[in-house]
Amino acid sequence: MAGKKIQSAKRRRFINNSIVHVILAILAAIWVFPIVWVVLTSFRAEQGSYVSTFFPQSYTLDNYIRLFTDTTILNFPKMFMNTLFIAVCSCILSTFYVLAVSYCLSRLRFRLRKPYMNMAMILGLFPGFMSMIAVYFILKAIGLTEGNLIKLALILVYSGGAALSFQIAKGFFDTVPFAVDEAALLDGCTRWQIFTKITLPLSKPIVIYTVLTSFMAPWLDFIFAKVICRANSDQYTIAIGLWNMLQKEYIDNWYTCFAAGAVLISIPIAALFLYMQRYYVDGLSGAVKG
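Our next topic: the overall build of the protein. Helices and strands together make up the secondary structure of the protein, namely 14 helices and 0 strands. Secondary structure elements of the protein occur, N-terminal to C-terminal, as α-α-α-α-α-α-α-α-α-α-α-α-α-α. A globule of 290 residues ought to have a C-alpha radius of gyration of about 19 Å, yet the protein, at 25 Å, is considerably larger. Once the C-alpha set of the protein is aligned to its principal axes, its extents read approximately 80 × 70 × 30 Å. Across the 290 residues in the protein, those meeting the buried criterion constitute 35%. Sequence separation of at least 24 residues holds for 72% of the intrachain contacts in the protein that already meet a minimum separation of 6. In the protein, 25 positive and 13 negative side-chain charges are present, and the distance between their average locations comes to 15 Å.

This is the structure in structure tokens:
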């Protein structure tokens, strides 16, 4: 009798696992389908946005080549370098802001600590683009909306509010024992030395997680970049360039190049995420513990 119950339980478990695997396989196919379509379109030789077949009739590398050679209308290499410069600078500043504020809120006790955390929580409920018009006029008033200063304006916008996103890093720092800081203080270390030489080396997962998210935000942003760049085409980022490829005057000639550009800009992010995935998961689990 007991053996039949065990076999029945194993059978139910097998059926349940099979159902879960089938559902996950269907969901994976749905999620991968748009990616496959974009990749195939990037190699399609037929021009235009409307075709009668899902699979390309012929394949070519000309779409990728054209992105880097035909710069008379849409200068993809220039936009790529603009975005890379803005993303790297914003990533460095944002990472420092987030980690420094998170460490202070985790380790120090001061009068405005809780009011600041409450304010940051409330402000985080509102989308950032609600303030983009006000931000634009502030930048315009100080002369940062023309020429090469637009890059500086975007870097300030992307990194300026980074410290409000301290919750995950603070949760991770809370898991680092306070005894480590106390021992370092007894040995004569300053708070800065504790932060840079002890806490950060012990917190590599959250540091990598913060770097990854801080880089992705400016790399993929469109709204703020479009508002601040306006008609300054030499300062466009990749997101604006790809959007322009879908405009009615360009879509017939640049549609397949748009797909090629989408593939190119996704490769660095995908490779970086896959390489750092285990640190990403460790960082989130550390925050949950806190």
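Having seen the structure, we can now continue with the description.
Let's shift gears to the packing of aromatic side chains. Each aromatic ring pair is described using two quantities: the centre-to-centre distance and the angle formed by the ring planes. Inspection of every chain in the model, using the stated rule, returns 14 aromatic pairs. The interplanar angle of 45° and the centroid separation of 5.1 Å between the aromatic rings of Phe43 and Tyr64 together place this pair among those described as tilted. Of this pair, Phe43 sits in the loop between α1 (2-42) and α2 (62-69) while Tyr64 is found in helix α2, placing the two residues 21 residues apart along the sequence. Classification of Phe43 by relative accessible area gives partly exposed; the value is 28%. Clustering of aromatic rings is evident, with ring pairs tying together Phe68, Phe76, Phe80, Phe215 and Trp219. The positively charged end of Arg66 is found above the aromatic ring belonging to Trp254, 4.2 Å away from the centroid. Residue placement shows Arg107 over the ring face of Phe178; its charged tip is 4.3 Å from the ring centre.

Here we take up the environment of Ala184. Among the secondary structure elements, Ala184 is positioned in helix α8 (residues 178-186). Judged by relative accessible area, which is 5%, Ala184 ranks as buried. When the C-alpha positions of Ala184 and Lys197 are compared, they lie 10 Å apart, and in sequence the two are 13 residues distant. Residues in contact with Ala184, not counting those within four places in the same chain, are Cys189, Ile194 and Ile198.

Now for the pattern of salt bridges. The final tally for this structure, using the stated rule, is 5 salt bridges. With a closest N to O distance of 2.8 Å, Asp181 and Arg107 form a salt bridge. Taken as a pair, Asp181 in helix α8 and Arg107 in helix α3 (residues 76-107) lie far apart in primary sequence, 74 residues in all. In this structure, the salt-bridge partner of Arg191 is Asp181, at a minimum N-O distance of 3.8 Å.

Basis of the calculations
- Residues numbered from 1 in each chain as written.
- Predicted model: local features only at pLDDT ≥ 70, side-chain atom pairs only at ≥ 80, totals over all residues.
- Heavy atoms only, no water.
- Helix = DSSP H or I, 4+ residues; strand = E, 2+ residues; numbered from the N terminus.
- Rg over C-alpha atoms; globule rule 2.2 N^0.38 Å.
- Buried < 20%, exposed > 50% of the residue type's maximum accessible area, 1.4 Å probe, protein only.
- Contact = heavy atoms within 4.5 Å.
- Lys, Arg positive; Asp, Glu negative; His and termini not counted.
- Charge placed at Lys NZ, Arg CZ, Asp CG, Glu CD.
- Phe/Tyr/Trp six-rings, centres within 6.5 Å; stacked < 30°, edge-to-face > 60°.
- Lys NZ or Arg CZ within 6 Å of the ring centre and 35° of its normal.
- Salt bridge = Lys/Arg side-chain N within 4 Å of Asp/Glu carboxyl O.

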